[in-house]
Protein chains: 2
Amino acid sequence: LQSELDLVERIARLVAVREGVALGIGDDAAILDVRPPVVVTQDLLVDGVHFRRSTARPADVGHKALAVNLSDLAAMGADPVAAFVGLGIPAEPPLTDGDVDEIYGAMEALASRHGLTIAGGDVTSAPALVLAVTAVGSMPPGRAPVRRDGARPGDLVCVTGTLGAAAAGLLIADGRAADVDRGLARPLVDAHLRPTPRLAEGGILADGGATAMLDCSDGLALDCLRLARASGVRVSLDLAAVPMADGVAVAAGAAGEDPRILAATGGDDYELIVALPPARVAAAAAALDVPLSVVGAVHAGPAALEVTDAGAPVRLNRLGWEHGADPAGG
Amino acid sequence: LQSELDLVERIARLVAVREGVALGIGDDAAILDVRPPVVVTQDLLVDGVHFRRSTARPADVGHKALAVNLSDLAAMGADPVAAFVGLGIPAEPPLTDGDVDEIYGAMEALASRHGLTIAGGDVTSAPALVLAVTAVGSMPPGRAPVRRDGARPGDLVCVTGTLGAAAAGLLIADGRAADVDRGLARPLVDAHLRPTPRLAEGGILADGGATAMLDCSDGLALDCLRLARASGVRVSLDLAAVPMADGVAVAAGAAGEDPRILAATGGDDYELIVALPPARVAAAAAALDVPLSVVGAVHAGPAALEVTDAGAPVRLNRLGWEHGADPAGG
């Protein structure tokens, strides 16, 4: 416990207190000066499940643990204010002071970029490295949080950026796509290890007429199914329209996978999936610094996801999508 | 992932949405209607570290994971609004649907009692059962959060309720105090497994002039040292004044431990430690439904803890306190 006190003091020295936080690390609780509505999200990252200490550096793990939570705030159109970090520390392999500095240093770098404060948390022993992050955000004046349940028949379904890079990077990191040229592999592995939360983009889309939004954490197809269920609508998704990241075709080919299926079902891209009225799409796209691609459309319910590839229906299985009937009907 | 969707839906059905929560489980983030200051705390509970699945039922684990966070809100004088629960699920021993129902059922029972909402979280695989809970609270009008750093020379240090029951219960649960009568053992084991957060008491003490407050989670002595460090004061603690819970003497005796040391250093009691001006102590005690005991006093710094037993100095070692010099000087 004495060493827990020391560790908390070490962590407190690594982070800065920014706007919106009246009291940070060190008390029973933090005190935030945030106006309602307050937006709160939580994600757990566990070694062996979400990352591997053998292939991810401590800085990567810290970055990703915070980034995936900020991505959830982005998907609400919220501005980040504070994050709370629960760190589970394994005995083997040991977590050094340098590892702790790397983890919190990477989180603090991301926090600094987005104006938030690492305002509290917990440290404890655990059988594996665990990062439990809770992020708190607020809404700028005049902007309401964008939920998943507002998509309306007639809306178009769009996605920011490109997809498949993180899934391709995972194939490479795992040695399943070993022959990929290093210059091509590096940005893919980085996309897997160090996702970029689309915070500015979330705000622009919220202000630009988004009727529903969520982040693409478990693959475009599954997340579109979530959108369909939450909004009580049928979502049609066109595989041929999915924007594929550079290098995905090569990496998928090296691993014997279909690149379009990888792009549509691979997780961890943390792009934003947004429903927009057709009349709002062009202006939203013009306001963004990243591409905005129309990948589908919203139709009257019942809630279902319908995937097509150049008109032919495509079916999901556990690993991806198979050609065939609609997986999510009914 | 399909099963993750099912599990989240199962959990969502177990919990009710209460005042202050505009959107609960099921979106990228929850939306809270809370006015500033907003109070946020987080605690991680890990199997084998904070509990053992062999001796704690799933309902005990769920209760405790939420209770320890509510205790932190109580120590700020805050009212609970929402909790976010990250559940790490081990493959072995497997967590059944019934276990999940027990865990969230116990949390929901506690949430219902205190008017808060389990508003979100995460579920994932993990090498051991992990509960990462973040609790969010708000302040009633006219009440400011009570921090640890406000204790002033001349204040008295008081503690609610009695101490040592949880530590004695752990001795019994671990089989280290095997000969204790069952009628005596049960409430001690319950104190260890199912702590009661002192929420009403925290509010009364905040309104009653508390200059500093924290919850007693790691033992009175260590938490008084934290109070001393945060406030930059010397805290004197009198072992002879520590209010001992019923049965602690018997259980400590059966385990060959000094009961007063167990009461002063055993953790997990989740009583409140509060600094009060002497003139405010009697009224605060009268307003509470539990005893309030004066256990020490606040003196001018430098920050240190000074423990005495009938005038003789007592020294801390890793397991408890030894007679001798001050451990925390300087």
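The numbers attached to residues start from 1 for each chain and follow its sequence in the written order. Each chain is given a letter, starting from A, and each ligand a number, starting from 1, according to the order in which they appear as written. Reporting of local features is limited, given that this is a predicted model, to residues whose pLDDT is at least 70; pairs of side-chain atoms are given and counted only at 80 or more, and all residues count toward the totals for whole chains, interfaces and linings. The basis for every side-chain value is the complete set of non-hydrogen atoms in the structure, without hydrogens or water.

### Quick word on the overall build of chain A
Helix and strand assignments follow DSSP, with helices taken as H or I runs no shorter than four residues and strands as E runs no shorter than two, numbered in order from the N terminus. The helix and strand inventory of chain A stands at 10 helices and 14 strands. Atoms counted for the radius of gyration: C-alpha only. Globule rule: 2.2 Å times residue count to the power 0.38. What you see for chain A is a C-alpha radius of gyration of 20 Å, in line with the 20 Å of a compact globule of 330 residues. Structurally, chain A occupies a C-alpha span of about 65 × 50 × 35 Å along its principal axes. Burial here depends on accessible area, computed with a 1.4 Å probe over protein chains only, as a share of the maximum for the residue type. Under 20% is buried, over 50% is exposed, and the range in between is partly exposed. Sorting the 330 residues of chain A into buried and exposed places 58% on the buried side. Contacts: residue pairs with any heavy atoms within 4.5 Å of one another. In chain A, 82% of the contacts between residues at least 6 apart in sequence involve partners at least 24 apart. Across chain A, the 25 positively charged side chains and the 42 negatively charged ones have centroids separated by 3 Å. Just so you know, the count uses Lys and Arg for positive and Asp and Glu for negative, and it drops His and the chain ends. Charge placement uses NZ in Lys and CZ in Arg. For Asp and Glu, CG and CD serve respectively.

### Here's the deal with the pairing of strand β8 (residues 212-216) of chain B
Successive residues of a regular strand alternate their side chains across the two faces of the sheet. Residue and element names in this part refer to chain B. For β8, the buried fraction is high: 5 of the 5 residues fall into the buried class. Two strands pair under a simple rule: DSSP has to find at least two bridges between them. Of the strand pairs in this sheet, β8 and strand β10 (residues 271-276) are connected by 5 bridges, and their pairing is antiparallel. Paired with Leu214 across the bridge in β10 is Ile273.

### Regarding the relation of the copies chain A and chain B
Once chain A is rotated about the relating axis by 180 degrees and shifted along it by 0.0 Å, it coincides with chain B to within an RMSD of 0.0 Å. Here the two chains are linked by the operation of a two-fold rotation axis. Taken as a fraction of all interface residues of chain A, those also at the interface in chain B reach 100%, which identifies the copy contact as same-surface. Alignment of the copies relies on least squares applied to C-alpha atoms, considering only residues that score at least 70 for pLDDT in both.

### Let's talk about the sheet that holds strand β4 (residues 79-89) of chain B
As summarised here, the arrangement of the 6 strands in space is β1(A)-β2(A)-β3(B)-β6(B)-β4(B)-β5(B), forming an open sheet in which the pairing is mixed. Two strands bound the open sheet, and with one partner strand each, they are β1 (21-23) of chain A together with β5 (117-125) of chain B. The mean angle between the axes of side-by-side strands here comes to 20 degrees, regardless of whether they run parallel or antiparallel. In this sheet, strand β6 (residues 130-138) of chain B lies alongside strand β3 (residues 38-46) of chain B in antiparallel orientation, the contact comprising 9 bridges. By the bridge assignment for β6(B), Leu44(B) is matched with Ala132(B). Axes here refer to lines fitted to C-alpha atoms; in helices the fit is confined to the stretch in contact. Angles between the N-to-C directions go from 0 to 180 degrees.

### Side note on the packing of helix α4 (residues 165-173) of chain A against helix α5 (residues 182-193) of chain A
All names here are of chain A. Remark: α4 packs on α5, axes separated minimally by 7 Å, with the N-to-C direction vectors making an angle of 105 degrees. The orientation of α4 relative to α5 falls into the category roughly perpendicular. The segment α4 lies against α5, with Ala165, Ala166, Ala168, Gly169, Leu170, Ile172 and Ala173 engaging Ala185, Leu188, Val189, Ala191 and His192. Put simply, angles under 35 degrees are roughly parallel, angles over 145 are roughly antiparallel, angles from 65 to 115 are roughly perpendicular, and the rest are oblique.

### A closer look at the side chain of Ser71(B)
Mapping Ser71(B) onto the fold places it in helix α2 (residues 58-76). Not counting the four nearest positions on each side in its chain, Ser71(B) is found in contact with Pro197(B), Asp215(B), Tyr270(B) and Leu272(B).

### Focus: the interface of chain A and chain B
Size of an interface, as often reported, equals the accessible area lost when the parts are brought together. Opposite the 56 residues of chain A that make contact, chain B presents 56 residues. As used here, buried area is the combined drop in accessible area, with a 1.4 Å probe, of two parts when they are placed together. Across the chain A to chain B interface the summed buried area is about 4600 Å²; carbon plus sulfur atoms make up 58%. Counting the surface chain A buries against chain B, the share from its top three residues, Asp28(A), Val40(A) and Gln42(A), is 15%. Any Lys or Arg side-chain nitrogen located within 4 Å of an Asp or Glu carboxyl oxygen qualifies as a salt bridge. Our count for the chain A to chain B interface comes out at 6 salt bridges. One salt bridge in this structure joins Asp28(A) and Arg148(B), with 3.4 Å as the shortest N-O distance. We call two N or O atoms a polar contact when they sit within 3.5 Å, provided that within protein one can donate a hydrogen and the other can accept it, with sequence-adjacent residues counted only if both atoms are side-chain atoms. Seen at the junction of chain A and chain B, the total is 23 residue pairs in polar contact (both at pLDDT 80 or more). Tallied by class, residues from the side of chain A that touches chain B come to 30 nonpolar, 11 polar and 15 charged. For strand β2 (residues 30-32) of chain A and β3(B), the ladder comprises 3 bridges, and the chain directions are antiparallel. Residue classes follow a fixed rule: Ala, Val, Leu, Ile, Met, Phe, Trp, Tyr, Cys and Pro count as nonpolar, while Asp, Glu, Lys and Arg count as charged, and any other residue, Gly among them, counts as polar.

### Some thoughts on helix α7 (residues 220-231) of chain A
The end-to-end C-alpha separation of α7(A) is 16 Å, in line with the 16 Å expected for 12 residues at 1.5 Å each. Just downstream of α7(A), Gly232(A) is the residue with a positive phi angle, here 65 degrees. In this scheme, a helix's expected span is set at 1.5 Å multiplied by one less than its residue total.

### Points about the environment of Gly247(B)
All names here are of chain B. Locating Gly247 in the fold gives a position in the loop between β9 (233-238) and α8 (248-254). Taking the relative accessible area as the measure of exposure, Gly247 reaches 14% and is therefore buried. Through-space distance from the C-alpha of Gly247 to that of Val81 is 35 Å; in sequence the pair is 166 residues apart. With sequence-adjacent residues up to four places away left out, Gly247 is seen in contact with Leu184 and Leu188.

### Regarding the environment of Leu262(B)
Residues and elements named next belong to chain B. As for its placement among the helices and strands, Leu262 is situated in helix α9 (residues 259-265). Taking the C-alpha atoms as reference points, Leu262 and Ala167, 95 residues apart in sequence, are found 6.7 Å from one another. Non-local contacts of Leu262, meaning those with residues more than four positions away in its chain, are made with Gly164, Ala167, Ala168, Leu171, Val248, Ala252 and Glu257.

### What to know about the pattern of salt bridges
By the definition in use, this model includes 41 salt bridges over all chains. Between Asp174(A) and Arg52(A) there is a salt bridge, with its nearest N and O atoms 3.0 Å apart. With Asp174(A) in the loop between α4 and α5 and Arg52(A) in the loop between β3 (38-46) and α2 (58-76), this pair connects stretches of sequence that are 122 residues apart. The exposure class of Asp174(A) is partly exposed, given its relative accessible area of 29%. Measuring nitrogen to oxygen at the nearest pair gives 3.7 Å for the salt bridge that ties Asp27(B) to Arg148(A). Residue Asp27(B) is located in the loop between β1 (21-23) and β2 (30-32), and its partner Arg148(A) is located in the loop between β6 (130-138) and β7 (156-160); the two belong to separate chains.

### As for unusual backbone geometry
Residue and element names in this part refer to chain A. Look at the link from Pro36 to Pro37: it is a cis peptide, with omega at -5 degrees. Here Pro37 lies in the loop between β2 and β3. Omega for the peptide link from Glu92 to Pro93 comes to -15 degrees, which places this bond in the cis form. Positive phi outside glycine occurs at Asp268, with the angle close to 75 degrees.

### Describing the sheet that holds strand β5 (residues 117-125) of chain A
Across the sheet, which stays open at both edges, the 6 strands sit in the order β5(A)-β4(A)-β6(A)-β3(A)-β2(B)-β1(B) with mixed pairing between neighbours. Edge positions in the sheet fall to β5 of chain A together with β1 of chain B, since each of these pairs with one other strand and no more. The mean angle between the axes of side-by-side strands here comes to 20 degrees, regardless of whether they run parallel or antiparallel. Sheet contacts for α2(A): β3, β4 (79-89) and β6 of chain A together with β1 and β2 of chain B; angle to β3(A), the most-contacted strand, approximately 145 degrees.

Any functional reading would require information beyond the geometric quantities listed.
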